[in-house]
Amino acid sequence: MLNKQIHVSLNLNVRGLTESATLAINNQSNQLIRQGKHVYRLGLGQSPFPVPEVVQKALRQNSHQKDYLPVQGLQTLREAVARYHSKYDGTHFNPGSVLIGPGSKELMFLLQICYYGELVIPTPCWVSYSPQAQIVGRQVVSIPTSFENEWRLQPESLRQLCEQDPGRPRLVILNYPGNPEGGTYSQQTLEEIAEVAREYDIIILSDEIYGKLSHSGEHISIARYYPEGTIVSSGLSKWCGAGGWRLGTFTFPESLKWLQNVMAAVASETYTSTSAPIQYAAVRAFEGGIAIERYLAHSRRILARLGEWAALRLRDIGARVVSPKGAFYLFPDFTPIADKFIKNQILTSSELCRRVLDETGVAFLPGKAFGRPDEELTVRIAYVDFDGARALAASEQIPLDQDIGPDFIKFYCHNTKAGIELLCDWVDSL
Ligand code: GLU
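Residues numbered from 1 in each chain as written. Predicted model: local features only at pLDDT ≥ 70, side-chain atom pairs only at ≥ 80, totals over all residues. Heavy atoms only, no water.

### Side note on the sheet that holds strand 12 (residues 379–382)
Spatially, three strands are ordered 9-12-11 in an open sheet, and the strand pairing comes out antiparallel. The sheet is open, and its two edges are formed by strand 9 (329–330) and strand 11 (365–366), each paired on a single side. For strand 11 and strand 12, the ladder comprises two bridges, and the chain directions are antiparallel. When the sheet's bridge partners are listed, P366 is paired in strand 12 with V379. (Pairing = 2+ DSSP bridges. Helix = DSSP H or I, 4+ residues; strand = E, 2+ residues; numbered from the N terminus.)

Next up, the structure:
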């Protein structure tokens, strides 16, 4: 009876909501490890690399910072973030346009609370955009993308959607380098998307949290082509290896100042401000400099080599996979060898992940968690299960203009390599 009352009193929007898939697979992996199983952790997308030493030092030096900080963020940090984006994204941001939050995820949630338009998400997409919309009762429209188009939003698909109801306010989320597929956009496509956005007054939330992990070292923000309507989302979690520090940033165009201010007002009534020592340390991270550039160059080289190896290995067994251009994800599609799976009663991506985890200990996530139909045999592999500090130290011994070679992956990215080999052998054995 009591249970029934509790159930009935739940807000309808959150009924049936369960833990986010990325965090759930991490918990499940931890649980299996506690039970003594060996798990290859390719589920949660967490940077394998340590926080750069200079940034760790800044945190140690600021452990005494104890005061509440301004809700929009520490002024010196807002200045550093504005300089960082102005330098790397080729657009001018002033410190007043920066909003600091406890993770970009929380800022995205605030945005969805405050902005009333329709949310448009190209899929596959990161696991939390859509549940956040569901929690606040926001309408979501997905634009499915395809392997043939490297899982990229096509400007004409966006145009077609807008033409159906041109006056409707819309928020479109772009994420590149992308989670879950590691793809990026060419300059031309960004310009074309910007053109559609301008024509239909779209707000673009450009989730560029993996921007510094573009394997080539080149990343172009769409804010360059659509400065008046783009909010750029970033933070320390990925490029700085500091997911658990929880520090995210939004930069707003002048025309969306009203939105920034109302988000800050909601923040002031909820989390008050982001952790003070973390904000002081983040100033050092966004200031950059040679040590951080070197750290990034080595991180990118390792991720590029590993991603390239993994894509080839998965293609060997018949999956179709786009070679990753950034971040640390692969999104293989097993459709070309679906017969093997069907013969073994594996009809969905969820079942596929369950079976592989049970039978091999390799943990990764189904395409369903990223907004794809469960019947599509796609999965996300986060190729991050290795000791990043050890790999970085080894990479630093090899000049940056040289290839680290195939043995590097074998010696320094062992668990990821072994997990992917196990998955491939398992598929071969079906
Ligand atoms: N962004 C990471 C992922 O997709 C983990 C963090 C999260 O989902 O909150 O795995």
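Anyway, onward from the coordinates.
### Regarding the pattern of salt bridges
Two side chains that carry opposite charge are able to pair once their charged atoms sit near each other. Following the criterion strictly, the structure yields 21 salt bridges and no others. For R313, the salt bridge is made with D316, and the minimal N-O distance between the two is 4.0 Å. Here the residue R313 and the residue D316 both occupy positions in helix 11 (residues 290–316), the gap between them amounting to three residues, near one helical turn. Look at R313 and you get buried, because its relative accessible area is 16%. A residue is classified by how much of its surface remains accessible, and D316, at 61% relative accessible area, is exposed. In the salt-bridge network here, residues are joined through shared partners; they are R313, D316, K417, E421 and D425. (Salt bridge = Lys/Arg side-chain N within 4 Å of Asp/Glu carboxyl O. Buried < 20%, exposed > 50% of the residue type's maximum accessible area, 1.4 Å probe, protein only.)

### Some words on the site of the ligand
Every residue lining the ligand is accounted for by T22, L44, G45, K105, W126, N179, Y210, K238, Y329 and R380. G45 places a main-chain nitrogen or oxygen 2.7 Å from an oxygen atom of the ligand. With respect to the ligand, the side chain of R380 contributes an N or O atom lying 2.9 Å from an oxygen atom. Of the residues in the shell around the ligand, the class split is four nonpolar, three polar and three charged. (Near = heavy atom within 4 Å. Polar contact = N/O pair within 3.5 Å; in protein donor to acceptor, adjacent residues only side chain to side chain. Nonpolar A, V, L, I, M, F, W, Y, C, P; charged D, E, K, R; others polar.)

### Quick notes on a negative patch on the surface
Together, E156, E191, E192 and E195 make up a negatively charged patch on the protein surface. When residues of the negative patch are assigned to their parent elements, the largest contribution, three residues, is made by helix 8 (residues 187–199). When you line up the elements, E192 lands in helix 8. Taking the relative accessible area as the measure of exposure, E192 reaches 30% and is therefore partly exposed. (Patch = residues over 30% accessible without salt bridge, like charges linked within 9 Å, V, L, I, M, F, W, Y side chains within 5 Å. Areas by Shrake-Rupley, 256 points an atom, 1.4 Å probe, with all protein chains shown as cover. Lys, Arg positive; Asp, Glu negative; His and termini not counted. Charge placed at Lys NZ, Arg CZ, Asp CG, Glu CD.)

### Some thoughts on helix 10 (residues 276–287)
With 12 residues, helix 10 extends 17 Å between its outermost C-alpha atoms, agreeing within 8% with the 16 Å of an ideal straight helix rising 1.5 Å per residue. Of all 12 residues that make up helix 10, nine are buried, and the element is covered over most of its length. The complete set of buried residues in helix 10 reads A276, P277, I278, Q279, A281, A282, V283, A285 and F286. Buried residues along helix 10 sit in contact with helix 3 (53–61), helix 4 (75–89), strand 2 (98–101), strand 7 (230–235), strand 8 (248–251) and helix 11. Count one or two residues on from helix 10 and you reach G288, which has phi positive near 70 degrees. (Expected span 1.5 Å × (residues − 1). Contact = heavy atoms within 4.5 Å.)

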